[in-house]
Amino acid sequence: MSPPPLTTEPVNDLPVLMHLLHDKLCYDKLFDQLMPRHGNWQGLSPGQVLVTWLVHILSERNHYMSPVQTWADQVSNTLAGVWGQALRPTDLTDDRLAEIARQLSRDEIWQPLEQQVTRQQIRVYALPVERVRLDSTTVNVYGDTEAAVLFQRGYSKDHRPDLRQFKGMLAALDPLGMLVGADVVPGNAADDGLYVPLVERLRTTLPARGLSYIGDSKMGALATRAYLQ
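Computed from a prediction, not measured in an experiment: that's the story for all the values here. (Residues numbered from 1 in each chain as written. Predicted model: local features only at pLDDT ≥ 70, side-chain atom pairs only at ≥ 80, totals over all residues. Heavy atoms only, no water.)

> Please give an account of the overall build of the protein chain that cites residues and values.
Secondary structure summary: the protein chain contains 9 helices and 4 strands in total. N-terminal to C-terminal, the α/β element order of the protein chain is α-α-α-α-α-α-α-β-β-β-α-β-α. Each principal axis of the C-alpha atoms in the protein chain carries an extent, and together these give about 80 × 45 × 35 Å. The 229 residues of the protein chain split such that 40% are buried. Counted over contacts in the protein chain with a minimum sequence separation of 6, partners at least 24 positions apart contribute 63%. Within the structure as shown, the protein chain displays about 13000 Å² of accessible surface, and the carbon and sulfur contribution to it stands at 56%. (Helix = DSSP H or I, 4+ residues; strand = E, 2+ residues; numbered from the N terminus. Buried < 20%, exposed > 50% of the residue type's maximum accessible area, 1.4 Å probe, protein only. Contact = heavy atoms within 4.5 Å. Areas by Shrake-Rupley, 256 points an atom, 1.4 Å probe, with all protein chains shown as cover.)

Given below as structure tokens:
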């Protein structure tokens, strides 16, 4: 009798990441509740595609879309075991990933997903919720696309006024540093007006009262202090 065929796959940290994102935090189920698949969507669900892509980003330290399919082909049996189905050639194409990214850019998808993910993490890990630290940062973009909405020239914290940039407004539990809120805005947006919208959203996710919000001097704008009071 001939020996059974053997397949070798470099699973590395994939089972651990899958366990965290799929089993404990349920990212795929949360996303699928907000973005049900339409009739022509076959194979992995949108949430399963999202989690697989996140695992690739974390494991390979690469956020580009193009290598995801090749990487998945190298661990296809492991992924099939996790999802309970074999992967189709079209499950992780650039088109599928671009559609996931497009859906995440919509406020009606991103904001409730952010809210549910934060609540899930706090519940699963029993995190203390007392202080929230807010701050913004800028990210340089090596391109000069005039039509880009987000990529604008503004005050550069990286001292590169020659480059376009976008700005991220972040909120994290203090002192853990765990992200609980994020907004991405054009690179020429002023910081002053970014605090209140993020705090308003956090109040629907975290306890509405009793939290201390911590920020830099730009948080001292009169309208921001009046709202917090």
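> Go over the packing of aromatic side chains, please, and point to the residues and values.
The final tally for this structure, using the stated rule, is 1 aromatic pair. A centroid spacing of 6.1 Å and a plane angle of 40° characterise the contact between Phe-151 and Phe-166, whose relative ring orientation is tilted. Separated by 15 residues along the polypeptide, Phe-151 in the loop between β1 (131-141) and β2 (164-174) and Phe-166 in strand β2 bring together distant segments of the chain. Judged by its relative accessible area of 30%, Phe-151 is partly exposed. Residue Phe-166 is classed as partly exposed on the basis of its relative accessible area of 22%. The ring of Trp-41 has Arg-96 sitting right over it, with the charged end atom 4.0 Å from the ring centre. (Phe/Tyr/Trp six-rings, centres within 6.5 Å; stacked < 30°, edge-to-face > 60°. Lys NZ or Arg CZ within 6 Å of the ring centre and 35° of its normal.)

> Which residues make up the sheet that holds strand β4 (residues 212-214), and what are the values?
Taken together, the 4 strands give an open sheet; going across it, the order is β3-β2-β1-β4, and neighbouring strands pair in mixed fashion. Where the open sheet ends on each side, the last strands, each with one partner, are β3 (178-186) and β4. Neighbouring strand axes in the sheet, compared pairwise and without regard to direction, differ in orientation by 25° on average. With 3 bridges joining them, β1 and β4 adopt parallel strand pairing. Bridge assignment links Arg-131 to a residue of β4, and that residue is Ser-212. Helix α8 (residues 195-202) contacts β1, β2, β3 and β4 of the sheet and is inclined by roughly 140° relative to β3. (Pairing = 2+ DSSP bridges. Axes fitted to C-alpha atoms, helices over the stretch in contact; angles between N-to-C directions.)

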